[in-house]
Amino acid sequence: MSDLDLLTQSLARNVKRWRTERGYTLDALAGRAGVSRGMLIQIEQARTNPSLGTVVKIGDALGVSITTLLDYEQGPRVRIVSAEQAVRLWHTEEGSYNRLLAGTEASGPLEMWDWRLMPGQASPSDPHPEGTVELVHVTAGELTLTVDGAEHRVPAGASASFEADTPHTYANTGDVPMEMVMAVSVPFVR
């Protein structure tokens, strides 16, 4: 199956899932998104490859990110996004650009952190409240991320997201400093 086929099927499954979870009919989502009902039917049946603008409108109407709508791994505890997988949405000839490095759904407070770990150092973390999600983007070196006992390597230029309600450790097992930016999404306390 090609990457385009995977994305088309993922989009179909995820639009239908989030539409159903939100309790929207096809007509209601069409109205909210400014997309025709026929287009939504084609998308949910994986019979079309809509424009990025259409996907953005649907995501906004559903209150979810593009990453969530196009995610074909469905529910991984840890998701690594290599530098090559980052989505470039626009660029100019002069060198300006933006890239979607990683995304997750945030339902409460959101924190952003700047980290540096020297070679051989590690920082363990107890589980955070259920529903806490962390996103990391490594800018230098390589992060060794251990989540619930499973070790993951995240090289410079790559990103990772994971559910942080389990023990996890950030480590630098390399021989150069590791630097990363981290966002932490903590759910509202009810």
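Everything below is about the structure printed above this text.
What you are looking at is a predicted structure, and each value in this text was computed from that prediction instead of being measured.

Conventions adopted
- Throughout this document, residue positions are counted from 1 along each chain, in the order its sequence is written.
- Owing to the predicted nature of the model, reporting of local features is limited to residues with pLDDT of at least 70; listing and counting of side-chain atom pairs is limited to 80 or more, with chain, interface and lining totals taken over all residues.
- The side-chain quantities take in all heavy atoms of the structure and omit both hydrogens and water.
- Segments assigned H or I by DSSP are reported as helices when at least four residues long, segments assigned E as strands when at least two residues long, and all are numbered from the N terminus.
- To sort residues, take the accessible area from a 1.4 Å probe on protein chains only and compare it with the maximum for the residue type: under 20% means buried, over 50% means exposed, and anything in between is partly exposed.
- Within this document, salt bridges are pairs made up of a side-chain nitrogen of Lys or Arg and a carboxyl oxygen of Asp or Glu, the two lying within 4 Å of each other.
- Side-chain atoms within 4.5 Å link the members of a nonpolar core, which is a set of buried Ala, Val, Leu, Ile, Met, Phe, Trp, Tyr and Cys residues.
- For this analysis, residues touch if any pair of their heavy atoms sits within 4.5 Å.
- The rule is short: rings of Phe, Tyr and Trp, with Trp giving its six-membered ring, pair when the centres are within 6.5 Å, and they are stacked under 30 degrees, edge-to-face over 60, tilted in between.
- For two strands to count as paired, DSSP must find a minimum of two bridges between them.
- Note on method: axes are straight lines fitted to C-alpha atoms, helices fitted across the in-contact stretch only, with angles between N-to-C directions ranging 0 to 180 degrees.

### Some thoughts on the overall build of the protein chain
Consideration 1: On a plain count of helices and strands, the protein chain comes out with five helices and eleven strands.
Consideration 2: Counting across all 190 residues of the protein chain, residues that qualify as buried make up 36%.

### Regarding the pattern of salt bridges
Consideration 1: With the rule as written, the count across this model stands at five salt bridges.
Consideration 2: For Arg-19, the salt bridge is made with Glu-44, and the minimal N-O distance between the two is 2.6 Å. With Arg-19 in helix H1 (residues 3-22) and Glu-44 in helix H3 (residues 37-44), this pair connects stretches of sequence that are 25 residues apart. For the pair shown, Arg-19 and Glu-44 are each scored as buried.
Consideration 3: When the shortest N-O distance is used, the salt bridge between Arg-153 and Glu-142 registers 3.4 Å.

### What about the nonpolar core?
Consideration 1: Of all hydrophobic cores here, the largest spans 18 residues; its most connected members are Leu-11, Val-15, Leu-29, Leu-40, Ile-58, Leu-62 and Leu-69.
Consideration 2: If you list the elements that add at least two residues to this core, you get H1, helix H2 (26-33), H3, helix H4 (52-62) and helix H5 (66-70).
Consideration 3: Ignoring any residue separated from it by four or fewer positions in sequence, one finds Leu-69 in contact with Ser-10, Leu-11, Asn-14, Val-15, Trp-18, Val-55, Ile-58, Gly-59, Leu-62 and Val-64.
Consideration 4: Among the nonpolar cores identified, the runner-up in size contains 17 residues, and Leu-145, Tyr-170, Met-178 and Val-184 belong to it.

### Describing the environment of Ala-164
Consideration 1: Relative to the assigned elements, Ala-164 resides in the loop between strand E9 (159-163) and strand E10 (168-171).
Consideration 2: The class for Ala-164 is buried, based on a relative accessible area of 0%.
Consideration 3: Separated by 33 residues in the primary sequence, Ala-164 and Gly-131 place their C-alpha atoms 7.6 Å from one another.
Consideration 4: Beyond its immediate chain neighbours, meaning those up to four positions away, Ala-164 contacts Pro-127, His-128, Thr-132, Val-133 and Glu-134.

### Digging into the packing of aromatic side chains
Consideration 1: Taken as a whole and assessed by the stated rule, the structure comprises two aromatic pairs.
Consideration 2: Between the aromatic rings of Trp-115 and Tyr-170, the centroid separation amounts to 4.8 Å while the plane-to-plane angle is 55°, which identifies the pairing as tilted. On the criterion of sequence distance, the pair formed by Trp-115 in strand E4 (residues 110-117) and Tyr-170 in strand E10 is long-range, its members being 55 residues apart. There is no split in this pair, since Trp-115 and Tyr-170 are both buried.

### Here's the deal with the environment of Val-55
Consideration 1: As for its placement among the helices and strands, Val-55 is situated in helix H4.
Consideration 2: Measuring from C-alpha to C-alpha, the distance between Val-55 and Leu-11 comes to 8.6 Å, with 44 residues separating the pair along the chain.
Consideration 3: With near-sequence residues (within four places) excluded, Val-55 lies in contact with Leu-11, Pro-50, Ile-66 and Leu-69.

### What about the sheet that holds strand E5 (residues 122-125)?
Consideration 1: Reading across the sheet, the four strands line up as E5-E10-E7-E8 and stay open at both edges, with antiparallel pairing between neighbours. Each of the sheet's edge strands pairs with one partner strand only, and the pair in question is E5 and strand E8 (150-155). Adjacent strand axes in the sheet meet at a mean angle of 15°, parallel and antiparallel pairs treated alike.
Consideration 2: As defined by bridge partners, strand E7 (residues 142-147) adjoins E10 across four bridges and the pair is classed as antiparallel. Along E10, the bridge assignment pairs Val-147 with His-168.

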